[in-house]
Amino acid sequence: FRPGDNENTFTLPGYASVDAYLAYTIRRERHRITPQVNFSNLLDKRYFVNTSVYDASPRLGIMPGQPFAVTGSMRWEF
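Notes on the structure in this doc start here. All residue numbers refer to positions counted from 1 along the written sequence of the respective chain. In keeping with the model being predicted, local features are shown solely for residues with a pLDDT of at least 70 and side-chain atom pairs are shown and tallied solely at 80 or more, while totals for entire chains, interfaces and linings include all residues. Hydrogens and water are ignored here; the side-chain numbers use all heavy atoms of the structure.

Turning our attention to the packing of aromatic side chains. Under the pairing criterion, centres of Phe, Tyr and Trp rings, with the six-membered ring standing for Trp, must be within 6.5 Å; the plane angle then separates stacked pairs below 30 degrees from edge-to-face pairs above 60, leaving the rest tilted. A complete count under the given rule lists two aromatic pairs for this structure. For the ring pair Tyr15 and Tyr47, a centre distance of 4.6 Å and an interplane angle of 25° mean the geometry is stacked. Of the two residues, Tyr15 sits in the loop between strand E2 (11–12) and strand E3 (20–23) while Tyr47 sits in the loop between strand E5 (31–40) and strand E6 (48–51), which places them 32 residues apart along the sequence. Categorising residues by exposure relies on relative accessible area from a 1.4 Å probe, with only protein chains included: less than 20% of the type maximum marks a residue as buried, more than 50% marks it as exposed, and the intermediate range marks it as partly exposed. Tyr15 gets classed as partly exposed once you look at its relative accessible area, which sits at 42%. Consider the rings of Trp76 and Phe78, whose centres lie 5.1 Å apart with planes at 45°: the pair is tilted. Each of the two residues, Trp76 as well as Phe78, counts as exposed. Labels follow the DSSP assignment, with helices taken as runs of H or I lasting at least four residues and strands as runs of E lasting at least two, numbered in each case from the N terminus.

The structure is reproduced here in structure tokens:
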């Protein structure tokens, strides 16, 4: 557990997130192309990142973490 606010009036559960990525580099003459796929929160667990200390009550500003997500990218080096 971890403190939810500066006065320790409540706690948030601890968490661990599993992230992964796959990438492959393709070489064509002097160029390199690298497609990549990123997986965030691979196990799709519910967690809370932090609270907003700027709210009147931090209990109202509890920020949930990102659910399972997949993003892709392409890098071209020349």
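Now that the structure is up, let's keep going.
Okay, the pattern of salt bridges next. Should a side-chain nitrogen of Lys or Arg be within 4 Å of a carboxyl oxygen of Asp or Glu, the pair is scored as a salt bridge. For the structure on display, the rule yields two salt bridges. Across the pair Glu77 and Arg32 runs a salt bridge whose closest N-O atoms are separated by 2.7 Å. One end of the pair, Glu77, is in strand E8 (residues 69–77); the other, Arg32, is in strand E5, with 45 residues separating them in the sequence. According to the relative accessible area criterion, Arg32 is partly exposed, its value standing at 33%. Ionic pairing is found between Arg75 and Glu77, a salt bridge with its closest N-O pair at 3.3 Å. For Glu77, a relative accessible area of 27% corresponds to the partly exposed category.

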